[in-house]
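# Commentary on secondary and tertiary structure
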Amino acid sequence: MQCCVCKEKPATVHLTQIVGEKMQKLDLCEDCAKAKGINDPTSFAMADLMLGLGASQVLDPSVGAAEIKCPRCGFSQADFKKSGRLGCPECYQTFAEGLAGLLKTMHKGTRHTGKAPEALRKSRETGDRLKLLQKKLAKAIDAEDYEQAAQLRDEIKVLTGAAPAKTAK
Amino acid sequence: MKDLHQFLISPLDAAQLHGPNDRIVMSSRVRLARNLRDASFPGWAKKPERVKILETILPAISALPEMADSFAEAMDNLTALDKQILVERHLISREHAAKNVGSGIVLNREESFCVMINEEDHLRMQALRPGFQIREAWNAIDRLDSALEKKLIYAFDNELGYLTACPTNLGTGIRVSAMLHLPGLVLAEQINPIIQSVNKLGLAVRGLYGEGTEALGNVFQVSNQMTLGETETAIVERLEKVLSQIIKHEENARQSLLEKKPKVVFNHIGRAYGILANAHSISSKETMNLLSLLRLGIDLDLFPGTPRALVDELFLVTQPAHLQKQISDKLSAEERDLLRADMVRERLKNVSRPVTK
């Protein structure tokens, strides 16, 4: 993302402001931020978190604040601000970015570890295992342990169904 | 349509239900929030969509073996009085009582399960148990939920778990709660530090009717607040630990009050008895607060031979909607106060004044 002032350097300071019902979002590089007198970017983190539901998707300040709406149910950020409730299950995807911060302050963790519908439990376990294997694989490659990496790669193949399961010895 | 009042357990029978530690833990409840994958949440769905959701969910629940003998009805078929009675029984929330077309309720005969349809979420299913039985309640609602997931497609995300209208319920969608009678801690002025330390553990302490209500009759609801990032069992176990501690503190408070300030205890209980047994007009709020002291007196053996059920039944039948139900004419609040006092005096006729040790 480019700085919206100098349009050269990458933006590292993101500032979101709500004026009336409209949201404005600025993405600035460090130099421009300093020039604008925004010295302490962390002080804006809170405002971002509370008000910036999916803010970075809105963008282009020159066009003004277009609002994100859930493609499935038409629910908007303003609606969420008003009621504190979402419109439909898909809203969690639509507003994922802004919700992430909110969930962190609200809950013990941001990842569900409890019950899952039986139909999904298996794919969920497979997904978890896959992530773990991929992490291990990356580590093995970093450590140049290619023997281990090859073994992990085979396991991943089996799990994703890319190769038939090995027959038992 | 079934008559709700034929269906409901009578207040007398309800007061006879017993469970572990019911001297202090009046009841336990576990509620799960669930939603259908392909529908808007009730607060955002338009009326026709809510009706469709209700028509999908209501038969699915009624068909479960646990709910074979149940009261299943759309909220718009219930009178305002019926709804208020369900609130006073703690079977539905005050929010749900305000619902009409497109919302519903399914309650089983034993009143151990009650499902609200299209409250804040498509499904709010609760398992209820007398006394301290939150683990049993969790196991029961877990089974009901597992049976229901075979018939309905829930909104579930691998990362976020069960998706709920309000992000505060996300993940497990679980609320584990117990209703506690804590007159000892209130009299000993230890209740506030207890509430604060319970709050620090991420648990909420509320009044008798849930969110935003005061603790009438020294009754407090303790429940978990966070629903994401922990398993259901971890939440249940934490609640169990904390509740056991509160029970211990309450028992200690009662014991030390009796040892150190017996006159204070006898004074409170004696006055409560005096007013309840002799008043000719009394509000429901005052009744609850005094009944709480009477209940404490029974627990402390100051009313030998008087069963706790007498107070627990009065707790229920002196509430506004229950009182109104017994009379066909519409009563004003003042008329209810007269009637309530008459009823309480009558019930306490054979209860002698508290003994002093």
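The following refers to the structure shown. Quantities reported herein were computed from a predicted structural model and do not represent experimental measurements.

Secondary structure assignment for chain A yields seven helices and two strands. Among the 169 residues that make up chain A, the fraction classed as buried is 24%. Counting contacts in chain A only where the partners sit at least 6 residues apart, residues at least 24 apart contribute 40% of the total.

So, about the packing of helix H6 (residues 134–148) of chain B against helix H9 (residues 232–260) of chain B. All names here are of chain B. Between H6 and H9, the shortest axis-to-axis distance is 10 Å and the interhelical angle comes to 160 degrees. One way to sum up the angle between H6 and H9 is to call them roughly antiparallel. Once H6 is placed against H9, the crossing between them reads as right-handed. Contact residues: H6 offers Ile134, Arg135 and Trp138, while H9 offers Glu232, Val236, Leu239 and Glu240. Of the residues in the contact of H6 with H9, the class split is four nonpolar, no polar and three charged.

With that settled, consider the sheet that holds strand E5 (residues 123–130) of chain B. Residue and element names in this part refer to chain B. If you trace the eight strands from one edge of the open sheet to the other, you get E2-E3-E4-E5-E1-E8-E10-E9, paired in antiparallel fashion. The open sheet has two free edges, formed respectively by strand E2 (70–74) and strand E9 (203–206), since each of these has just one partner strand. Recorded for the sheet is a direction-independent mean angle of 15 degrees between the axes of neighbouring strands. Inspection of the sheet shows strand E4 (residues 113–117) paired to E5 by five bridges, in the antiparallel sense. Each bridged residue has a counterpart across the sheet, and for cysteine 114 the counterpart in E5 is glutamine 126. Running over the sheet, helix H3 (residues 47–62) touches E2, strand E3 (104–108), E4 and E5 and is turned about 5 degrees from E3.

A separate point is the interface of chain B and chain A. Residue-level contacts link 33 residues of chain B with 29 residues of chain A. Residues of the side of chain B that touches chain A, tallied by class, amount to 14 nonpolar, twelve polar and seven charged.

This brings us to the packing of helix H10 (residues 262–278) of chain B against helix H11 (residues 284–299) of chain B. All names here are of chain B. The geometry of H10 relative to H11 is characterised by a closest axis approach of 8 Å and an angle of 125 degrees between their N-to-C directions. Here H10 is positioned oblique relative to H11, judged by the angle of their axes. Handedness of the crossing formed by H10 with H11: left-handed. Where H10 abuts H11, its residues His268, Ile269, Ala272, Tyr273, Ile275 and Leu276 lie against Leu290, Leu293, Leu294, Leu296 and Gly297. Tallied by class, residues from the contact of H10 with H11 come to nine nonpolar, two polar and no charged.

Within the largest apolar cluster, 116 residues are counted, with the highest numbers of intra-cluster contacts made by Cys88(A), Ile105(B), Val115(B), Leu180(B) and Leu294(B). By residue number, the principal contributor to this core is H9(B), which donates seven residues. With residues up to four places along the chain from it excluded, the contact list for Ile105(B) reads Glu73(B), Met75(B), Ile92(B), Cys114(B), Val115(B), Met116(B) and Ile117(B). Membership of the second largest hydrophobic core comes to five residues, among which are Cys3(A), Ala11(A), Leu26(A) and Leu28(A).

Glancing now at H9(B). With 29 residues, H9(B) extends 42 Å from end C-alpha to end C-alpha; this agrees with the ideal 42 Å at 1.5 Å per step. Within H9(B) the residues assigned to the buried category are Glu232(B), Ile235(B), Val236(B), Leu239(B), Leu243(B), Ile246(B), His249(B), Glu250(B), Ala253(B), Arg254(B) and Leu257(B).

About the cut-offs
- Residues numbered from 1 in each chain as written.
- Chains lettered and ligands numbered in written order.
- Predicted model: local features only at pLDDT ≥ 70, side-chain atom pairs only at ≥ 80, totals over all residues.
- Helix = DSSP H or I, 4+ residues; strand = E, 2+ residues; numbered from the N terminus.
- Buried ≥ 20, exposed ≤ 12 C-beta atoms within 10 Å, placed from the backbone.
- Contact = placed C-beta atoms within 7 Å.
- Axes fitted to C-alpha atoms, helices over the stretch in contact; angles between N-to-C directions.
- Parallel < 35°, antiparallel > 145°, perpendicular 65-115°, else oblique.
- Left-handed = near helix turned anticlockwise from the far one by under 90°.
- Nonpolar A, V, L, I, M, F, W, Y, C, P; charged D, E, K, R; others polar.
- Pairing = 2+ DSSP bridges.
- Core = buried A, V, L, I, M, F, W, Y, C linked by C-beta atoms within 7 Å.
- Expected span 1.5 Å × (residues − 1).

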